[in-house]
Amino acid sequence: MIDYMTSPFEFFQSLLSWQQVALLLDTVEYFEEALKWLSIPDEQGASVAVPLTGDTLRVMLAALSEDDAYSRQLFSFGWVPGENEDTGTLQVGLPTGEVVEKSVVLSQFSPV
């Protein structure tokens, strides 16, 4: 079980390619009935569990070019706590500079 008493994760950055984001989206779509925590590598290579949905991953994928599927681009991931420890806002910084925000209920996610 993931302990998210204060925050599910600290702000981090990750270099991801179109291919990696596409594989993450495939994973989410495979488990479409149950939301999953996905492991995202931070810049040091450590895995960080992030509550990502298909909608967020599709926006991330659209920020990358399939023509350059293996070129890695910088994404950032942050968490803004909500009214209680089970809710909050996931913030994903795209390589374009845009920030995507998604309201999340952490208890709806389970490990892959």
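Please refer to the structure higher up on the page.
All values derive from a computational prediction rather than experimental measurement.

## Considerations on the nonpolar core
Part 1 of the reasoning: One finds Val-50, Leu-52, Leu-57, Met-60 and Phe-77 to be the most contacted residues of the largest nonpolar core, which totals 30 residues.
Part 2 of the reasoning: Ranked by the residues each element gives to this core, the list is headed by helix H1 (residues 18-30), at six residues.
Part 3 of the reasoning: When sequence neighbours within four positions are dropped, the list of residues in contact with Met-60 reads Leu-16, Val-21, Leu-52, Phe-75, Phe-77, Val-92 and Leu-94.

## Considering the environment of Arg-58
Part 1 of the reasoning: Turning to its location among the elements, Arg-58 is positioned in helix H2 (residues 54-62).
Part 2 of the reasoning: Under the relative-accessibility criterion, Arg-58 is labelled partly exposed at 39%.
Part 3 of the reasoning: Those residues in contact with Arg-58 that sit more than four places away from it in its chain are Leu-25 and Glu-29.
Part 4 of the reasoning: Side-chain polar atoms of Arg-58 contact the side chain of Asp-55, separated by 3.2 Å.

## Observations concerning the sheet that holds strand S7 (residues 109-111)
Part 1 of the reasoning: Pairing within the open sheet is mixed, and its three strands lie in the order S3-S2-S7. Both edges of this open sheet fall to strand S3 (47-51) and S7, since each of them pairs with a single strand only. For this sheet the average axis-to-axis angle between neighbouring strands, irrespective of direction, equals 45 degrees.
Part 2 of the reasoning: Looking at chain direction, strand S2 (residues 35-41) and S3 are connected through five bridges and run antiparallel. Bridged to Ser-39 within S3 is Ala-49.

## Concerning the pattern of salt bridges
Part 1 of the reasoning: Applying the stated criterion across every chain, the model contains three salt bridges.
Part 2 of the reasoning: Here Glu-29 ties to Arg-58 by a salt bridge, and the two come within 3.2 Å at their closest N and O atoms. Here Glu-29 is found in helix H1, whereas its partner Arg-58 is found in helix H2, with 29 residues between them in sequence.
Part 3 of the reasoning: Arg-58 is the partner of Asp-55 in a salt bridge, and the nearest nitrogen-oxygen pair spans 3.2 Å. Placement of the pair is Asp-55 and Arg-58 together in helix H2, with a separation of three residues, close to one helical turn.
Part 4 of the reasoning: When its relative accessible area of 45% is taken as the criterion, Asp-55 is described as partly exposed.
Part 5 of the reasoning: Each member of the salt-bridge network shares a partner with another, and the members are Glu-29, Asp-55, Arg-58 and Lys-102.

## Some words on the environment of Glu-43
Part 1 of the reasoning: Among the secondary structure elements, Glu-43 is positioned in the loop between S2 and S3.
Part 2 of the reasoning: On the basis of relative accessibility, which here comes to 47%, the residue Glu-43 falls in the partly exposed class.
Part 3 of the reasoning: Here Glu-43 is in contact with Gln-13, Ser-14 and Leu-74, once residues within four sequence places are set aside.

## Things to note about the packing of H1 against H2
Part 1 of the reasoning: In the contact formed by H1 and H2, the axes pass within 9 Å of each other and the chain directions differ by 160 degrees. Here H1 is positioned roughly antiparallel relative to H2, judged by the angle of their axes. Two packed elements cross with a definite hand, and for H1 against H2 that hand is left-handed. Two secondary-structure elements touch here, H1 through Trp-18, Val-21, Ala-22, Leu-24, Leu-25, Val-28 and Glu-29 and H2 through Gly-54, Leu-57, Arg-58, Met-60 and Leu-61.
Part 2 of the reasoning: Looking at the contact of H1 with H2, its residues break down into nine nonpolar, one polar and two charged.

Cut-offs applied
Residues numbered from 1 in each chain as written. Predicted model: local features only at pLDDT ≥ 70, side-chain atom pairs only at ≥ 80, totals over all residues. Heavy atoms only, no water. Core = buried A, V, L, I, M, F, W, Y, C linked by side-chain atoms within 4.5 Å. Buried < 20%, exposed > 50% of the residue type's maximum accessible area, 1.4 Å probe, protein only. Helix = DSSP H or I, 4+ residues; strand = E, 2+ residues; numbered from the N terminus. Contact = heavy atoms within 4.5 Å. Polar contact = N/O pair within 3.5 Å; in protein donor to acceptor, adjacent residues only side chain to side chain. Pairing = 2+ DSSP bridges. Axes fitted to C-alpha atoms, helices over the stretch in contact; angles between N-to-C directions. Salt bridge = Lys/Arg side-chain N within 4 Å of Asp/Glu carboxyl O. Parallel < 35°, antiparallel > 145°, perpendicular 65-115°, else oblique. Left-handed = near helix turned anticlockwise from the far one by under 90°. Nonpolar A, V, L, I, M, F, W, Y, C, P; charged D, E, K, R; others polar.

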